[in-house]
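The chain contents come next:
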Amino acid sequence: MSTSNWQPLSWRQFKALQQPEWPDRNLLDEVYENLSRYPPLVFAGEVRDLKAHLADVAQGKAFLLQGGDCAESFSDFTANAIRDKLKVLLQMAVILTHGLGKPVIKVGRIAGQFAKPRSSPVEVQNGVSLPSFRGESVNDPSFTEDARIPDPRRLERAYFQSASTINLLRAFTCGGFADLRQLHNWNQDFVAQSPQGQRYALLADQLSDALRFMKAIGINGHQHGSVLREVEYFTSHEALILEYESALTRRDSLTGDYYDCSAHMLWIGERTRQLEGAHVEFLRGVKNPVGVKIGPTVTADEVLGLCDRLNPQNEPGRLTLITRSGHGRIEQTLPPLLRAMAPEGRAIAWICDPMHGNTYEAPGRIKTRSMEHILSELKSFFTIHQAEGTIPGGVHFELTGDNVTECIGGSHEIREEHLTERYETTCDPRLNVAQSLDVAFLVAELLRGSV
Ligand code: TRP
Ligand code: MN
C-alpha cells in the first residue's frame, strides 16, 4: 500500500479507540499547535540506527532488551528514579551480552510512556463510578471527579518531562556513567546482598579482569574509547494518544520521510491494533520501527494484515511483534502463528512480553504477576522458537530500579502478603531489581550456546 494518501492527521478519518474524551476541544487544538512547534525529542538518524539494529535482531545477529515502567508518572520524576531505571537495564544488558555473546539492543519504556489503554471506561470504588485513569498525560490517578477529567495540558507536561528525561539519559549514556569500567557501581546497595546481586557482582569481577587484560595487551580506552565508555540507548512507548504522536511527527530534511519524533520506537497495543483502525493508519506513514503487541487470540490472517499494512516493503527492522500470550496459553498459540508466517518470508523480529498475559488479582484485589509464570512463559518462548527453527529476537519487561514489592516470587521470595509493603505502580505490577536480574540470568542461561 502506498503512503501517498497518508498525512500526519489522516488517522482522524479512521476509528480511534481508547482516546480520551477531552472536554475542551479548543484547548486541545492549542496544545496540538504548541507541540507541533516544539523541537523533536529524537533525531531521524538515530531512529534509522535503531531500525538497522532491529534488522539484526530479526536475523538473530543481535538481541533486543526492552523494559521500563508500565506507566511513567509525574510525581515520581527525579534524577535518581531515571538513573536507577537505567542502572538495572545496563546490568541486564551486561548479563545478556556476556551470556549470549552478541550485541544487546537497549530500548527503554521511558521518556513518553504516559498513556494507558483501559479495559473499562469507568472505575467503580465503593459504589462510586468515575472515568478510568488513562495515564498521567491524560488525567490524574487520584479517585476524585476533578482528577479524572482529561486535561490536554497534561500532554504538554508529558512532552517536557520526556525532554528532560531523555536529556539526562543522553548525559548518562554518553558522559561516563555507562562506562563498562563502572559496572560495579550499577549494583545498588539494596540488592548487593541478594543471591542475584552477588551473582552480578561476580560477573562484574570477571568482566573487569577481562577488561584489564585487554588493556594490558593494548586494547584500551583510547583506541576504542566510545565502545567502552558509551552505550547506545533508545526510547520507546505505546503510541496511544494520536494527537500527541501526530503533533510530534516531523518531516526529515535529509530524506523527506515522516518520523514520529516522540521516541525512537513506537508500539501499538493489543487493544488498538485493528487493521482498519486509526492507530495502524497513523503508524503506517511514519518510518520509525514499529512494534505490535499480540495477545493469545490473534489470528495468522490478522498478523499477515498487519505486515501488509505496516511493512508493505518487507523492510527488516521495521516490524517487531511482541507476543504476550500468558504462560498457560503460549504453547497453543505461538507455534501455529510461527508456522503460518514462516513460508511467507516476512521480516519480523519476534519479542516475548512475559508480563501482560500473566497478570492476576491477589487477595485484596491487588494486581500482581508471579515470577514463576513469567519465567515459564520465557522458557516456552525460547523452546518453541528453537523447535520451529525461528528466531527469538528479544524480551520486553515492565520493571523499575526500585526495591518495590509488586510481583510475587524471585530471590527475595515476595509473597502475596508482602505486596502492600511497597506497591507503588500507577498501573501494572513491575519487576524489582532483584527480579529483573533473575530474569536476565535466566534468559542468558536459556540462550547460551544457541549463537
Ligand atoms: N558500547 C557497548 C554496547 O553498547 C559496550 C557497553 C558500554 C555496554 N557500556 C555498556 C554494554 C553498558 C552493556 C552495558 O553494548
Ligand atoms: Mn502494562
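Structure report, in brief.

Conventions used here
- Throughout, residues of each chain are indexed from 1 in the direction in which the sequence is written.
- The naming scheme follows written order: chains are lettered A onward, ligands numbered 1 onward.
- Where totals are concerned, whole chains, interfaces and linings use all residues; where local detail is concerned, this predicted model gives features only for residues with pLDDT of at least 70, and gives and counts side-chain atom pairs only at 80 or more.
- With hydrogens and water stripped out, all remaining heavy atoms of the structure feed into the side-chain values.
- Proximity is defined per residue: any heavy atom of the residue falling within 4 Å of a molecule or strand makes that residue near it.
- The definition of a polar contact used here is a pair of N or O atoms within 3.5 Å, where within protein one atom must be able to donate a hydrogen and the other to accept one, and adjacent residues in sequence count solely through side-chain atom pairs.
- We get accessible surface area from the Shrake-Rupley algorithm with a probe of 1.4 Å; when it comes to residues, only the shown protein chains can shield them.
- Here the coordinating atoms are restricted to nitrogen, oxygen and sulfur within 2.8 Å of the metal centre, or 3.2 Å for Na, K and Ca, and because water is not among them the sites may look incomplete.
- Counting from the N terminus, the helices are DSSP H or I runs at least four residues long and the strands are E runs at least two residues long.
- Exposure classes here rest on a 1.4 Å probe applied to the protein chains alone. A residue is buried below 20% of its type maximum, exposed above 50%, and partly exposed in between.
- The contact criterion used is simple: two residues touch if any of their non-hydrogen atoms lie within 4.5 Å.
- Residues form patches when they are more than 30% accessible in relative terms and have no salt bridge. Like charges link within 9 Å. Nonpolar side chains (Val, Leu, Ile, Met, Phe, Trp, Tyr) link within 5 Å.
- Take a side-chain nitrogen of Lys or Arg and a carboxyl oxygen of Asp or Glu: if they are within 4 Å of each other, that pair is a salt bridge.
- An axis is simply a line fitted to the C-alpha atoms; with a helix, the fit covers only the stretch in contact. Between two such axes, the angle follows the N-to-C directions and lies from 0 to 180 degrees.
- Oblique is the label for any angle not covered by the other classes, which are roughly parallel (under 35 degrees), roughly antiparallel (over 145) and roughly perpendicular (65 to 115).
- Helix crossings are classified by the rotation of the near helix relative to the far one: an anticlockwise turn of less than a right angle makes the crossing left-handed, while a clockwise turn makes it right-handed.
- Side-chain classes are defined by residue name, with Ala, Val, Leu, Ile, Met, Phe, Trp, Tyr, Cys and Pro counting as nonpolar, Asp, Glu, Lys and Arg as charged, and the others, Gly among them, as polar.

## Description of the site of ligand 1
The full set of residues close to ligand 1 is Leu 90, Ala 93, Val 94, Lys 106, Ala 178, Leu 180, Trp 186, Val 227, Leu 228, Glu 230, Val 231 and Glu 232. One of the side-chain N or O atoms of Lys 106 is found 3.0 Å from an oxygen atom in ligand 1. At 2.7 Å, a backbone N or O of Ala 178 approaches a nitrogen atom of ligand 1. Protein burial of ligand 1: of its 350 Å² of free accessible surface, 83% is covered by the chains.

## A few points about the coordination of the manganese ion (ligand 2)
Taken together, Cys 70 (SG), His 356 (NE2), Glu 398 (OE) and Asp 428 (OD) make up the full set of protein donors to the manganese ion (ligand 2), lying 2.1 to 2.6 Å away. All donor residues of the manganese ion (ligand 2) come from one chain, and their arrangement in sequence is C-x285-H-x41-E-x29-D. A residue pair is termed long-range when its members are at least 10 positions apart, and His 356 in the loop between β11 (349-352) and β12 (360-362) and Asp 428 in the loop between β14 (392-398) and α13 (433-447) qualify at 72 residues. For His 356, a relative accessible area of 18% corresponds to the buried category. For Asp 428, a relative accessible area of 8% translates into the label buried.

## Focus on the environment of Ala 440
In this structure, Ala 440 sits in helix α13. For Ala 440, a relative accessible area of 1% puts it in the buried group. Distance from Ala 440 to Gly 99, taken between C-alpha atoms, is 9.3 Å for residues 341 residues apart in sequence. Here Ala 440 is in contact with Met 92, Ile 95 and Leu 96, once residues within four sequence places are set aside.

## Looking at unusual backbone geometry
The residue Asn 126 is not glycine, and still its phi comes out positive at about 45°. If you trace the backbone, Asn 126 turns up in the loop between β3 (122-125) and β4 (128-131).

## Some remarks on helix α10 (residues 300-310)
Within α10 the residues assigned to the buried category are Val 303, Leu 304, Gly 305, Leu 306, Cys 307, Arg 309 and Leu 310. Contacts made by the buried residues of α10 are with β8 (265-268), α9 (278-284), β9 (290-294), β10 (319-323) and α11 (330-341).

## Things to note about a nonpolar patch on the surface
On the surface, a cluster of nonpolar side chains totalling about 380 Å² of accessible area is made up of Phe 213, Met 214, Ile 217 and Ile 219. Mapped onto the elements of the fold, Phe 213 is located in helix α6 (residues 195-216). Owing to a relative accessible area of 54%, Phe 213 belongs among the exposed residues under this scheme.

## Some thoughts on the packing of helix α3 (residues 79-100) against α13
α13 packs onto α3 with a crossing angle of 15° between their chain directions and a minimal axis gap of 8 Å. Taken together, the axis directions place α3 and α13 in an arrangement best described as roughly parallel. Here α3 runs over α13; the crossing is right-handed. Residues Val 88, Gln 91, Met 92, Ile 95, Leu 96, Gly 99 and Leu 100 of α3 form the contact with α13, whose own contacting residues are Val 433, Ser 436, Leu 437, Val 439, Ala 440, Phe 441, Val 443, Ala 444 and Leu 447. Its residues placed into classes, the contact of α3 with α13 shows 13 nonpolar, three polar and no charged.

Everything listed is a geometric property; what it means functionally is a separate question.
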